[in-house]
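# Observations on the three-dimensional arrangement
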Amino acid sequence: MSAFKQFKDFLFSKQSLKYVCTTHFWGPVSNFGIPVAAILDLKKDPDLISGPMTGSLIIYSLVFMRYSMAVTPKNYLLFGCHFVNELAQLGQGFRWIKNTYDKEPASTSTGPK
(Lines give C-alpha, C1' and ligand atoms only; values in the text may rest on other atoms or scores of the structure.)
Protein backbone atom coordinates (compact mmCIF):
# COMPACT_ATOMS: atom_id res chain seq x y z
CA MET A 1 0.00 0.00 0.00
CA SER A 2 1.40 3.38 -0.95
CA ALA A 3 2.16 5.99 1.67
CA PHE A 4 -0.36 8.37 0.08
CA LYS A 5 -3.14 5.76 0.25
CA GLN A 6 -2.28 5.02 3.89
CA PHE A 7 -2.42 8.73 4.71
CA LYS A 8 -5.71 9.17 2.82
CA ASP A 9 -7.26 6.16 4.61
CA PHE A 10 -6.11 7.53 7.98
CA LEU A 11 -7.30 11.05 7.21
CA PHE A 12 -10.86 9.91 6.54
CA SER A 13 -11.09 7.31 9.32
CA LYS A 14 -12.67 7.49 12.77
CA GLN A 15 -9.19 7.07 14.22
CA SER A 16 -8.07 10.42 12.76
CA LEU A 17 -10.78 12.29 14.66
CA LYS A 18 -9.63 10.60 17.87
CA TYR A 19 -6.02 11.55 17.03
CA VAL A 20 -6.90 15.21 16.40
CA CYS A 21 -8.85 15.45 19.66
CA THR A 22 -5.94 14.24 21.81
CA THR A 23 -2.65 15.66 23.02
CA HIS A 24 -0.96 14.20 19.91
CA PHE A 25 -2.43 17.19 18.12
CA TRP A 26 -3.11 19.98 20.61
CA GLY A 27 0.15 19.59 22.56
CA PRO A 28 2.42 20.25 19.57
CA VAL A 29 0.13 22.96 18.20
CA SER A 30 0.25 24.90 21.46
CA ASN A 31 3.99 24.20 21.72
CA PHE A 32 4.60 25.98 18.39
CA GLY A 33 4.60 29.26 20.34
CA ILE A 34 8.21 28.60 21.39
CA PRO A 35 9.74 28.39 17.88
CA VAL A 36 7.53 31.23 16.62
CA ALA A 37 8.83 33.45 19.44
CA ALA A 38 12.43 32.40 18.70
CA ILE A 39 12.03 33.19 15.00
CA LEU A 40 10.56 36.60 15.80
CA ASP A 41 13.43 37.24 18.24
CA LEU A 42 16.01 36.70 15.48
CA LYS A 43 15.50 40.36 14.53
CA LYS A 44 16.01 41.72 18.04
CA ASP A 45 19.23 42.99 19.59
CA PRO A 46 21.60 40.07 20.38
CA ASP A 47 22.39 41.63 23.78
CA LEU A 48 18.95 40.41 24.90
CA ILE A 49 19.78 36.72 24.25
CA SER A 50 20.42 34.50 27.26
CA GLY A 51 23.16 32.00 26.39
CA PRO A 52 22.28 29.45 29.12
CA MET A 53 18.58 29.55 28.25
CA THR A 54 19.27 29.16 24.55
CA GLY A 55 21.53 26.18 25.31
CA SER A 56 18.79 24.64 27.44
CA LEU A 57 16.24 25.07 24.67
CA ILE A 58 18.61 23.46 22.14
CA ILE A 59 18.93 20.38 24.36
CA TYR A 60 15.18 20.40 25.15
CA SER A 61 14.29 20.34 21.45
CA LEU A 62 16.75 17.54 20.71
CA VAL A 63 15.31 15.42 23.53
CA PHE A 64 11.72 15.93 22.43
CA MET A 65 12.52 15.32 18.76
CA ARG A 66 13.79 11.92 19.88
CA TYR A 67 10.77 11.40 22.16
CA SER A 68 8.32 12.19 19.36
CA MET A 69 9.73 9.30 17.33
CA ALA A 70 9.91 6.90 20.30
CA VAL A 71 6.21 7.07 21.25
CA THR A 72 3.53 4.98 19.61
CA PRO A 73 2.09 6.24 17.34
CA LYS A 74 4.95 8.41 16.13
CA ASN A 75 4.08 12.07 16.63
CA TYR A 76 5.29 13.84 13.49
CA LEU A 77 3.64 17.12 14.46
CA LEU A 78 5.63 17.22 17.71
CA PHE A 79 8.78 16.32 15.78
CA GLY A 80 8.17 19.17 13.33
CA CYS A 81 7.57 21.63 16.15
CA HIS A 82 10.85 20.76 17.86
CA PHE A 83 12.74 20.60 14.57
CA VAL A 84 11.71 24.19 13.80
CA ASN A 85 12.55 25.17 17.39
CA GLU A 86 15.96 23.50 17.10
CA LEU A 87 16.80 25.53 14.00
CA ALA A 88 15.56 28.78 15.57
CA GLN A 89 17.46 28.18 18.82
CA LEU A 90 20.65 27.29 16.94
CA GLY A 91 20.30 30.59 15.09
CA GLN A 92 19.89 32.39 18.41
CA GLY A 93 22.86 30.48 19.83
CA PHE A 94 25.12 31.50 16.95
CA ARG A 95 24.01 35.13 17.35
CA TRP A 96 24.74 34.97 21.09
CA ILE A 97 28.21 33.45 20.52
CA LYS A 98 29.05 36.02 17.86
CA ASN A 99 27.85 38.88 20.05
CA THR A 100 29.60 37.60 23.19
CA TYR A 101 32.94 36.36 21.87
CA ASP A 102 33.56 38.22 18.60
CA LYS A 103 33.57 41.72 20.05
CA GLU A 104 36.64 43.74 19.26
CA PRO A 105 38.38 45.12 22.34
CA ALA A 106 37.83 48.84 22.85
CA SER A 107 40.76 50.99 21.88
CA THR A 108 42.39 52.70 24.87
CA SER A 109 44.17 55.32 22.83
CA THR A 110 42.69 58.80 22.64
CA GLY A 111 43.62 59.30 19.02
CA PRO A 112 46.65 60.60 17.14
CA LYS A 113 49.02 62.97 18.97
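Above this note sits the structure.
Here the structure is a predicted model, which means the values were calculated and not measured.

This brings us to a nonpolar patch on the surface. A cluster of nonpolar side chains, contributed by Phe83, Leu87, Leu90, Phe94, Ile97 and Tyr101, occupies part of the molecular surface with about 640 Å² of accessible area. Positionally, Leu90 belongs in helix α6 (residues 76-101). Overall, the relative accessible area of 32% leaves Leu90 in the partly exposed class.

Okay, the environment of Asn75 next. Looking at the element boundaries, Asn75 is found in the loop between α5 (51-70) and α6. Residues Asn75 and Met65, ten residues apart in the sequence, show an inter-C-alpha distance of 9.3 Å.

If a residue is not glycine, its phi is most likely negative; likewise, a peptide bond is most likely trans. The omega angle of the peptide bond from Thr72 to Pro73 is -5°, so this bond is cis rather than trans. Looking at the element boundaries, Pro73 is found in the loop between α5 and α6.

As a further point, take α5. The periodicity of an α-helix, 3.6 residues per turn, causes residues three or four positions apart to be oriented the same way. Taking 1.5 Å per residue, 20 residues should reach 28 Å; α5 reaches 29 Å between its end C-alpha atoms and fits that length. Looking at the buried positions of α5, the neighbouring elements they touch are α6.

As a further point, take the pattern of salt bridges. By the definition in use, this model includes one salt bridge. Note that Asp41 and Lys44 form a salt bridge whose closest N and O atoms lie 3.4 Å from each other. Looking at Asp41, the relative accessible area reads 27%, which means it is partly exposed. The class for Lys44 is partly exposed, based on a relative accessible area of 47%.

Let's shift gears to the packing of aromatic side chains. For the structure shown, the criterion picks out four aromatic pairs. Between Tyr60 and Phe64, the ring centres sit 5.1 Å apart and the planes meet at 55°, which makes this aromatic pair tilted. With a gap of four residues between them, Tyr60 and Phe64 both fall in helix α5, about one helical turn apart. Of the residues examined, Tyr60 reaches a relative accessible area of 26% and is grouped as partly exposed. Residue Phe64 is classed as partly exposed on the basis of its relative accessible area of 30%. The rings of Tyr60, Phe64 and Tyr67 are connected pair by pair, giving a single aromatic cluster.

Turning our eyes to something else, we now look at the side chain of Thr54. With respect to the helices and strands, Thr54 occurs in helix α5. A residue is classified by how much of its surface remains accessible, and Thr54, at 7% relative accessible area, is buried. When sequence neighbours within four positions are dropped, the list of residues in contact with Thr54 reads Ile49, Gln89, Gln92 and Gly93.

Reading the values: rules and limits
- Residues numbered from 1 in each chain as written.
- Predicted model: local features only at pLDDT ≥ 70, side-chain atom pairs only at ≥ 80, totals over all residues.
- Heavy atoms only, no water.
- Patch = residues over 30% accessible without salt bridge, like charges linked within 9 Å, V, L, I, M, F, W, Y side chains within 5 Å.
- Areas by Shrake-Rupley, 256 points an atom, 1.4 Å probe, with all protein chains shown as cover.
- Salt bridge = Lys/Arg side-chain N within 4 Å of Asp/Glu carboxyl O.
- Helix = DSSP H or I, 4+ residues; strand = E, 2+ residues; numbered from the N terminus.
- Buried < 20%, exposed > 50% of the residue type's maximum accessible area, 1.4 Å probe, protein only.
- Expected span 1.5 Å × (residues − 1).
- Contact = heavy atoms within 4.5 Å.
- Phe/Tyr/Trp six-rings, centres within 6.5 Å; stacked < 30°, edge-to-face > 60°.

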